[in-house]
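Single-letter residue listing:
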Amino acid sequence: MKLSRQLYNQLIHFVERELPKEACGILGGVNDHILSIFALPNESNTNKNFYVRQEHVEIVFNKLAHYEQEVLAIYHSHPNSNPIPSQSDIQFHPDSQVKMAIMSYKNGNPQLKIYRIINGIYINIPFSIIE
């Protein structure tokens, strides 16, 4: 997967403005190239999980369709833990074709990891930040 430095910095901004609670949203694009980031409201309002009502997700799906992009990943943050999918992250991940991006702030600096979740197993997906 690829994303620009500008989008990577935007993702950091979206995540940091939600600290200390978890941030969440959708990464859109084409052919594993992330072209857009849509922050969503974490309605669980905690630092341990996230919840978004379907109506908010549908708005993003409509925007992605308008831009002729697809959902590449669902992102969320781990304010106090490593960027590794939790059991609930794995259990509630909706689609094996959609990747999971996790940004950790456990050590104070952002650390992003991207995974594919298949049959309850997570697989690290390499990504690059392009200038």
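Located above this text is the structure these notes cover.
Just so it is clear, the model here is predicted, and its values are computed rather than measured.

Caption draft 1: Examining unusual backbone geometry more closely. In this structure, the amide linkage connecting Leu19 to the following residue, Pro20, adopts the cis form with an omega of 10°. Residue position: Pro20 is located in the loop between helix H1 (5–16) and strand E2 (24–30). A positive phi angle, close to 50°, is found at Asn31, a residue other than glycine. Within the element layout of this structure, Asn31 appears in the loop between E2 and strand E3 (33–40).

Caption draft 2: Expanded view of the pattern of salt bridges. If you walk through the whole model with that rule in mind, you get 6 salt bridges. In this structure, Arg5 engages Glu131 in a salt bridge whose closest nitrogen and oxygen atoms are separated by 3.3 Å. Of the two residues, Arg5 is situated in helix H1 and Glu131 in the segment after strand E8 (128–130); the sequence distance between them amounts to 126 residues. For Arg17, the salt bridge is made with Glu18, and the minimal N-O distance between the two is 3.7 Å. Taking the relative accessible area as the measure of exposure, Arg17 reaches 48% and is therefore partly exposed.

Caption draft 3: Quick peek at a nonpolar patch on the surface. Together, Ile118, Ile121 and Ile123 line one region of the surface with nonpolar side chains, adding up to about 250 Å² of accessible area. Following the sequence through the fold, Ile121 ends up in strand E7 (residues 121–124).

Caption draft 4: Geometry of the nonpolar core. Leu11, Leu27, Tyr75 and Met103 are the most contacted members of the largest nonpolar core, which has 21 residues in total. With 6 residues, the single largest contributor to this core is H1. Contacts of Tyr75, omitting those with residues within four sequence positions, involve Leu11, Phe14, Val15, Ala23, Cys24, Gly25, Ile26, Leu27, Ile37, Phe38, Ala39 and Ala101. Among the nonpolar cores identified, the runner-up in size contains 8 residues, and Ile26, Leu40, Val57 and Val60 belong to it.

Caption draft 5: Region of interest: the pairing of strand E5 (residues 99–104). Most of E5 sits out of view: 6 of its 6 residues are buried. As paired elements, strand E4 (residues 70–78) and E5 share 6 bridges and run parallel to each other. Counterpart to Tyr75 in the pairing with E5 is Ala101. Once the chain exits E4 it traverses helix H3 (residues 87–92) before rejoining the sheet at E5, and the crossover so formed is right-handed. Here 5 bridges tie E5 to strand E6 (residues 111–118), and the two strands are oriented antiparallel to one another. Directly across from Ile102, in E6, lies its bridge partner Lys113. Between the end of E5 and the start of E6, which pair antiparallel, lie 6 residues, with Gly108 showing a positive phi angle near 90°.

Criteria and thresholds
- Residues numbered from 1 in each chain as written.
- Predicted model: local features only at pLDDT ≥ 70, side-chain atom pairs only at ≥ 80, totals over all residues.
- Heavy atoms only, no water.
- Helix = DSSP H or I, 4+ residues; strand = E, 2+ residues; numbered from the N terminus.
- Salt bridge = Lys/Arg side-chain N within 4 Å of Asp/Glu carboxyl O.
- Buried < 20%, exposed > 50% of the residue type's maximum accessible area, 1.4 Å probe, protein only.
- Patch = residues over 30% accessible without salt bridge, like charges linked within 9 Å, V, L, I, M, F, W, Y side chains within 5 Å.
- Areas by Shrake-Rupley, 256 points an atom, 1.4 Å probe, with all protein chains shown as cover.
- Core = buried A, V, L, I, M, F, W, Y, C linked by side-chain atoms within 4.5 Å.
- Contact = heavy atoms within 4.5 Å.
- Pairing = 2+ DSSP bridges.
- Right-handed = clockwise from strand over helix to strand, strands pointing away.

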